[in-house]
Amino acid sequence: MQRWNGWGDDTVHVDLPVQGHNLLCELLGKGNVKADYPLEKFINRIPTSRLPHHTLISTNPKERLDHSHGQSLPDWISLRGGTLQHFPDGVALPSTPEEIIELLDFSEKHNVVVIPFGGGTSVVGHLQVQEGDRPVLSLSLKRFNRLIDLSPTSLLATFESGVLGLDLETQLMARGFTFGHYPQSFEFSSLGGWVATRSSGQQSSHYGRIEQLFAGGELVTPKGILRIPPFPASAAGPDLRHIVLGSEGRLGVLTKVIIRISHIPEKDDVSGVFFPSWDHAKDAVQTLAGAGIPFSMIRLSNSAETMTNLALAGHEKQIALMRRFLRLRGIPEKGACMCLVGFIGTKRFVKTARRESFSILRQYKGVSVGKEMGEIWKKSRFRMPYLRNTLWDMGYAVDTLETAVTWNKVATTMEEIEKVIKESMAPWNEKVHVFSHLSHVYSTGSSIYTTFMFRLSDTPEETLARWKTIKKAASQTIVKAGGTISHQHGVGVDHKPYLEAEKGSVGMSAIRQLCFHLDPEKRMNPNKLLD
Ligand SMILES: Cc1cc2nc3c(=O)[nH]c(=O)nc-3n(C[C@H](O)[C@H](O)[C@H](O)COP(=O)(O)OP(=O)(O)OC[C@H]3O[C@@H](n4cnc5c(N)ncnc54)[C@H](O)[C@@H]3O)c2cc1C
């Protein structure tokens, strides 16, 4: 069963290795352990539903609680601290397109706000219920999750939008295909959610971001159904897929989704390389990205992240041996940066691409540690989010933020983001541990993905205030640097104040008009993406 107040399956627990715990105590102090607000208290507090009766709608309090939030840190703080105030009036679990249309008709008739709910893994407040006079319906796509069609000839598959990553990939794999879209939330996030938030998978350098994988589909809007056929390519005016991508539930409910699929590759290879310093490492991956070598992923950790990841990884003996090897090869412990580089394709292709890449990386003093680090990463990549539960239970909050900038700004933007985050904790006389990696690397620039950890404070209100201060300082820094406010998580409520800086006033009014055109009564997930 899914945890009601944390990440993932409640039977899975990931331990924090002793070195990891020691590191956090040293950097932040002993965690401030807080008791969780009990489920029963929430259940008793859920107000009577304002919705008229409908056979497809449940008003069960637990169901309503489960659909009142996503997985952002503010969501967690309000859930685990008991400050969550607003809940949907009901949850609908349609299983056919006709039921979805019926529910939108019902919402029109009774002036009901509708929040499409995919996997519930949003990290920017997309699913928060806002105070208002109108009743709120969470429209969950959980039961709308079947494979409708698969064309091995055209390499296209059509799924219902609520299918979760793991189910989708299992069904494709059983037929010899893969989608290759692996966000870290893969187990619990849905196909419709990926499209609606413009998600990016860990091996997007090979398979493409969701915008390259989303071939077409159907969006049920309050104005009617928008149907987008899966052309291999088209020059017929603006591409309507791009109004669905990133629409965050504002324009309607994505029902059918047509995706581009691939044959299961012969080889999916990830290796580890260490560099003596950030400058060497950054220049190396920038050169690699510019050289046109088709890697499947590059994940370059700065020295703070390298040190933290090695401490959190466990595998003490292996890491001690590796450190000895690296020292002999001229990689100092302090300042070293770890990079994971992956290749996908036939055995021959992978061998050649790997050789070409490593000859470039060696020019920047890169030292390969082989495939073991890659294997450890592959095995643990979907388990790492469970560490958030463990850390919270030990009294620490963890959050991440991300942007993308052009290469000329990558190093300075990363440094500035980390600096302002560290400074933001000064009013509380508390420390924050910050580290970053470049997670998706392009020829023109890179995404920057920053993680920060700090101690919980005595009250949820104060923990939230700490988070807000950090988030604001980091977001302002991103905007000042000319970065995007989100490379992969979307806008929701947390990034809304910074969207205009990116889109400009003409762009904002175009988006606003589009929302107004398809949803004139502002019933679809209002106040997310923009006001
Ligand atoms: C631990 C963790 C790791 C993560 N890692 C990544 C990562 O590597 N890459 C990445 O891109 N993101 C990542 N995310 C963020 C999140 O998983 C993505 O934003 C994901 O795309 C959300 O999908 P979902 O199905 O959970 O959508 P939800 O959270 O349910 O909804 C998100 C938004 O999409 C809308 N929506 C959902 N389904 C539909 C639909 N069918 N029609 C219309 N609108 C819809 C909702 O209304 C809402 O506005 C991570 C999140 C967590 C918690």
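See the structure printed just above.
Throughout what follows, the structure given in this document is the object of discussion. All values derive from a computational prediction rather than experimental measurement.

What follows is about the packing of helix α4 (residues 73-81) against helix α18 (residues 460-481). Remark: α4 packs on α18, axes separated minimally by 9 Å, with the N-to-C direction vectors making an angle of 175°. Classified by the angle between their axes, α4 and α18 sit roughly antiparallel to one another. On α18, the residues that touch L73, P74, I77 and G81 of α4 are P460, T463, L464 and W467. When grouped by side-chain class, the residues that make up the contact of α4 with α18 number six nonpolar, two polar and no charged.

The next point concerns the packing of aromatic side chains. Working definition: an aromatic ring pair is given by the centre-to-centre distance plus the angle between the planes. On inspection of all chains with the given rule, the structure shows nine aromatic pairs. On the basis of an interplanar angle of 90° and a centroid distance of 5.4 Å, the ring pair of W7 and F188 is categorised as edge-to-face. Taken together, the residues W7 in the segment before α1 (18-28) and F188 in the loop between β7 (177-178) and α7 (191-197) connect sequence positions 181 residues apart. The exposure classification of W7 matches that of F188, with both residues buried. Ring geometry for Y182 against F186: centres 5.2 Å apart, planes inclined by 70°, an arrangement best described as edge-to-face. Joined through ring pairs, the aromatic side chains of W4, Y37, F42 and F87 make up one cluster. For the cation-ring pair, R381 lies above Y182, with the distance from its terminal atom to the ring centre recorded as 4.9 Å. Just above the ring of W76 sits the side chain of R388; from NZ or CZ to the centre is 4.4 Å.

Moving on to the environment of L56. Position of L56 among the secondary structure elements: in the loop between α2 (39-45) and β1 (57-58). For the pair L56 and A92, spaced 36 residues apart in sequence, the C-alpha separation works out to 5.5 Å. Those residues in contact with L56 that sit more than four places away from it in its chain are V91, A92, L93, E99, E102 and L103.

Moving on to the side chain of S107. Mapping S107 onto the fold places it in helix α5 (residues 97-109). Separated by 2.8 Å, the side chain of S107 and the backbone oxygen of L104 make a polar contact. Leaving out residues up to four positions away in the same chain, S107 has contacts with V112, V114 and R523.

Lining the immediate surroundings of the ligand are 36 residues, of which P116, G118, T121, S185 and S190 lie closest. At a separation of 3.3 Å, a nitrogen atom of the ligand approaches a polar side-chain atom of S161. Within the complex, 97% of the 970 Å² of free accessible area of the ligand lies under protein. For the shell around the ligand, the secondary-structure elements that each account for two or more residues are β3 (113-117), α7 and β10 (253-260). The dominant element in the shell around the ligand, judged by the number of residues it contributes, is α7, at five residues. In terms of residue class, the shell around the ligand is built from 12 nonpolar, 22 polar and two charged. No fewer than three residues from each of domain 1 (40-75 + 83-140) and domain 2 (147-263) sit in the shell around the ligand.

Further remarks concern α5. Between the first and last C-alpha of α5 there are 18 Å, a value that for 13 residues agrees with the 18 Å anticipated at 1.5 Å per step. Inspection of α5 places I100, L103, L104, F106 and S107 among the buried residues, and these make up the whole buried set. Buried residues of α5, seen end-on, are gathered within an arc of 155° and therefore sit on one face of the element. In α5, those exposed residues whose orientation departs by more than 90 degrees from the buried face are E98 and K109. Two residues or fewer past α5, N111 is found with a positive phi of approximately 55°.

With respect to topology, seven strands assemble into an open sheet ordered β15-β12-β14-β13-β17-β18-β16, the strand pairing being antiparallel. The open sheet has two edge strands, β15 (367-370) and β16 (396-406), and neither has a second partner. Taking the axes of each pair of neighbouring strands and ignoring which way they run, one obtains an average angle of 25° across the sheet. In terms of strand pairing, strand β13 (residues 297-301) meets strand β17 (residues 432-438) through two bridges, oriented antiparallel. Directly across from S301, in β17, lies its bridge partner H437. Its contacts with the sheet place helix α14 (residues 347-363) against β12 (267-275), β14 (337-345) and β15, and it is angled at close to 150° to β14. Where helix α16 (residues 386-393) meets the sheet, its contacts fall on β16 and β18 (445-455), and the angle it forms with β16 comes to roughly 135°.

Strand order in the open sheet formed by five strands is β5-β6-β10-β8-β9, and the pairing between neighbours is antiparallel. Looking at strand neighbours, the two that pair on one side only are β5 (147-151) and β9 (224-228), the edges of this open sheet. For this sheet, the mean angle separating the axes of adjacent strands, direction not counted, is 10°. Bridge count between strand β6 (residues 156-160) and β10: five bridges; the pairing is antiparallel. Opposite T158, over in β10, you have I258 as the bridge partner. Across the sheet, helix α6 (residues 165-173) touches β5, β6 and β10, and the angle it forms with β6 is around 140°.

Before going further, it helps to examine unusual backbone geometry. Trans peptide bonds make up most of the peptide bonds, and negative phi angles are found at most residues other than glycine. The phi torsion at K522 lies on the positive side, around 55°, for a residue other than glycine. Positionally, K522 belongs in the segment after α19 (499-518). A relative accessible area of 47% places K522 in the partly exposed class. One non-glycine residue with positive phi stands out, namely N527, at about 65°. Assignment of secondary structure puts N527 in the segment after α19. Since its relative accessible area comes to 30%, N527 is described here as partly exposed.

Definitions and limits used
Residues numbered from 1 in each chain as written. Predicted model: local features only at pLDDT ≥ 70, side-chain atom pairs only at ≥ 80, totals over all residues. Heavy atoms only, no water. Axes fitted to C-alpha atoms, helices over the stretch in contact; angles between N-to-C directions. Helix = DSSP H or I, 4+ residues; strand = E, 2+ residues; numbered from the N terminus. Parallel < 35°, antiparallel > 145°, perpendicular 65-115°, else oblique. Contact = heavy atoms within 4.5 Å. Nonpolar A, V, L, I, M, F, W, Y, C, P; charged D, E, K, R; others polar. Phe/Tyr/Trp six-rings, centres within 6.5 Å; stacked < 30°, edge-to-face > 60°. Buried < 20%, exposed > 50% of the residue type's maximum accessible area, 1.4 Å probe, protein only. Lys NZ or Arg CZ within 6 Å of the ring centre and 35° of its normal. Polar contact = N/O pair within 3.5 Å; in protein donor to acceptor, adjacent residues only side chain to side chain. Near = heavy atom within 4 Å. Areas by Shrake-Rupley, 256 points an atom, 1.4 Å probe, with all protein chains shown as cover. Domains from an automatic or database assignment. Expected span 1.5 Å × (residues − 1). Arc of directions from axis to C-beta. Pairing = 2+ DSSP bridges.

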